[in-house]
Amino acid sequence: MSLIEVPNPMPLPPFKLERYFARYEFSAQYLLCSSDCESWTVADLLALEPGADEGLKRHWLGYTESTGAPSLRAEISRIYRGIAPEQALVHSGAEEAIFLFMHAVLQPGDHAIVHWPCYQSLFEVAKSLGCDVSFWEARAENGWALDLDDLKRMLRPDTRAVVVNTPHNPTGYLMPRPDFLALNNLCRERGIILFSDEVYRELEYDPADRLPSACEINPGAVSLGVMSKSYGLAGLRIGWIATRNADIYARMAALKDYTTICSSAPSEYLAELALRHRERIIGRNMEIIRANLARLNAFFAAHADRFAWTRPHAGPIAFPRLLDGDVETFCDELVHESGVLLLPGAMYDHPGNHFRIGFARRNMPEALARLEEFLK
Ligand SMILES: Cc1ncc(COP(=O)(O)O)c(C=O)c1O
């Protein structure tokens with residue numbers, strides 16, 4: 001096998017959102033900005049299937065296959081149409097997959113276009129590799145929509161990759177199907193790799209709005225999935241990419257030998273079990289989201305003088321704006337006085353006085369009541 005070319009990385013700055021969570025995640029009483037759905041216990045998962053607990057006890061704790069246990073990859077491939085198990089590559093969370101994708105595909109000087117605001121690693125890793133990153137901006141005044149004409153204006157002959165995240169963190173924006181198809185066609189025609197972060201897929205409020213996965217409709221695209229968000233199983237640290245692009249698959253697989261080699265065997269077992277019952281898991285998570293979203297809509301209607309509320313279309317988070325006062329001070333006072341954690345937009349380097357709110361946790365009504373009390 002030939003050498004794997006990896007650019008000399010430049011320093012990575014701190015991951016603002018992760019550092020903010022590190023300060024509060026295990027001390028604040030109410031996390032009102034989590035992006036993952038309410039989690040499950042191991043016992044909850046094992047109860048999904050007769051014999052699952054015995055199976056876990058017997059599960060072998062040796063190394064697993066580097067690309068992911070074949071039975072897990074088979075289960076992952078069932079999420080998609082036209083994707084074979086060999087086209088799914090398992091990672092330790094979505095984060096490892098983002099890191100390896102960028103290292104496998106990008107070279108210094110390459111141009112990359114990234115949907116913004118976004119989860120920091122989606123642009124920061126590309127920057128650290130010496131790429132020229134342009135931001136495809138989602139604007140609040142357009143309901144966080146992405147404008148394809150903006151993208152066309154940004155494309156350059158050396159554009160190597162476009163990175164998009166829909167359903168979107170932090171706004172809850174879901175791209176309309178015609179736009180998503182046009183985006184895929186555009187990238188395909190120009191030979192640009194589309195990296196499609198789909199970690200909130202299956203949480204569309206209207207299932208008819210569910211987009212095809214980029215890997216299904218675009219042979220050059222790479223789709224990102226994970227157990228953490230829609231399924232609420234972040235502690236498993238199981239993510240994956242699905243792609244028909246054999247070259248990128250091979251490069252990422254070769255790099256994985258230098259990061260985690262293979263995933264945790266018990267996690268693979270539990271992820272596979274959960275995916276066999278994913279409709280039930282998503283069903284429970286959507287129940288929580290729907291009930292909480294109704295409360296949030298009422299809350300923001302009652303406090304229209306304090307907040308601007310753009311309704312999300314999918315996922316467990318949204319990005320409202322505080323109308324008066326500085327949002328960082330607001331969040332800081334809220335967490336210290338009421339124990340309720342919101343995430344200020346500065347964690348995305350977004351200047352618009354927005355904050356992220358999360359609503360896929362069961363204790364969200366209590367957290368919202370605390371916020372309401374704080375406002376008084
Ligand atoms: C859009 C997006 N992509 C990737 C990730 C990383 O997921 P994980 O923590 O499961 O690796 C996150 C986590 O917040 C995310 O919001």
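Given the structure is predicted, the values throughout are model-derived calculations rather than measurements.

(A) Structural view of the nonpolar core. Ranked by size, the top nonpolar core spans 135 residues in total, and within it Trp136, Leu183 and Met227 carry the most contacts. Discounting residues that sit within four places of it in the chain, leucine 183 has contacts with Trp136, Leu148, Leu151, Val162, Val164, Met175 and Leu194.

(B) Structural view of the side chain of histidine 303. Structurally, histidine 303 can be placed in the loop between helix 12 (278–302) and strand 9 (307–308). According to the relative accessible area criterion, histidine 303 is buried, its value standing at 14%. Residues in contact with histidine 303, not counting those within four places in the same chain, are Glu372 and Leu375.

(C) Representation of the sheet that holds strand 6 (residues 193–197) in the model. Taken in spatial order, the 7 strands of this open sheet run 2-8-7-6-5-3-4, and their pairing is mixed. Among the strands making up the open sheet, the edge pair consists of strand 2 (88–91) and strand 4 (132–137). Each strand of the sheet is rotated relative to its neighbour by a mean of 20 degrees, with strand direction disregarded. Pairing geometry for strand 2 and strand 8 (residues 239–243), over 4 bridges, is antiparallel. Paired with leucine 89 across the bridge in strand 8 is isoleucine 241. Strands in contact with helix 4 (residues 70–77) are strand 2 and strand 8; relative to strand 2, the strand with the most contacts, it is inclined by about 115 degrees. In the packing of helix 8 (residues 177–190) onto the sheet, the strands contacted are strand 4, strand 5 (159–165) and strand 6, and the crossing angle to strand 6 comes to about 145 degrees.

(D) Structural context of helix 1 (residues 16–24). Within helix 1 the residues assigned to the buried category are Leu17, Tyr20, Phe21 and Tyr24. The buried residues of helix 1 all sit within an arc of 100 degrees when viewed along its axis, so they share a single face. For helix 1, the exposed residues set more than 90 degrees away from the buried face come down to Arg19 and Arg23. Against strand 1 (30–31), helix 13 (327–338), strand 12 (340–341), strand 13 (343–344) and strand 14 (355–358) lie the buried residues of helix 1.

(E) Seen up close, the packing of aromatic side chains. Applying the stated criterion across every chain, the model contains 15 aromatic pairs. Ring plane angle 55 degrees and centroid distance 4.9 Å describe the contact between phenylalanine 15 and tyrosine 119, whose orientation is recorded as tilted. Within this pair, whereas phenylalanine 15 is found in the segment before helix 1, its partner tyrosine 119 is found in the loop between strand 3 (111–116) and helix 6 (121–128), the two being separated by 104 residues in sequence. Note on phenylalanine 15: relative accessible area 16%, which makes it buried. Where phenylalanine 123 meets phenylalanine 135, the ring centres are 5.1 Å apart and the plane angle is 90 degrees; that geometry is what we call edge-to-face. Of this pair, phenylalanine 123 sits in helix 6 while phenylalanine 135 sits in strand 4, placing them 12 residues apart in sequence. You can call phenylalanine 123 buried: its relative accessible area is 6%. Taken together, the ring pairs in this structure connect Phe299, Phe300, Phe307, Trp309, Phe330, Phe355 and Phe374 into an aromatic cluster.

Thresholds applied
Residues numbered from 1 in each chain as written. Predicted model: local features only at pLDDT ≥ 70, side-chain atom pairs only at ≥ 80, totals over all residues. Heavy atoms only, no water. Core = buried A, V, L, I, M, F, W, Y, C linked by side-chain atoms within 4.5 Å. Buried < 20%, exposed > 50% of the residue type's maximum accessible area, 1.4 Å probe, protein only. Contact = heavy atoms within 4.5 Å. Helix = DSSP H or I, 4+ residues; strand = E, 2+ residues; numbered from the N terminus. Pairing = 2+ DSSP bridges. Axes fitted to C-alpha atoms, helices over the stretch in contact; angles between N-to-C directions. Arc of directions from axis to C-beta. Phe/Tyr/Trp six-rings, centres within 6.5 Å; stacked < 30°, edge-to-face > 60°.

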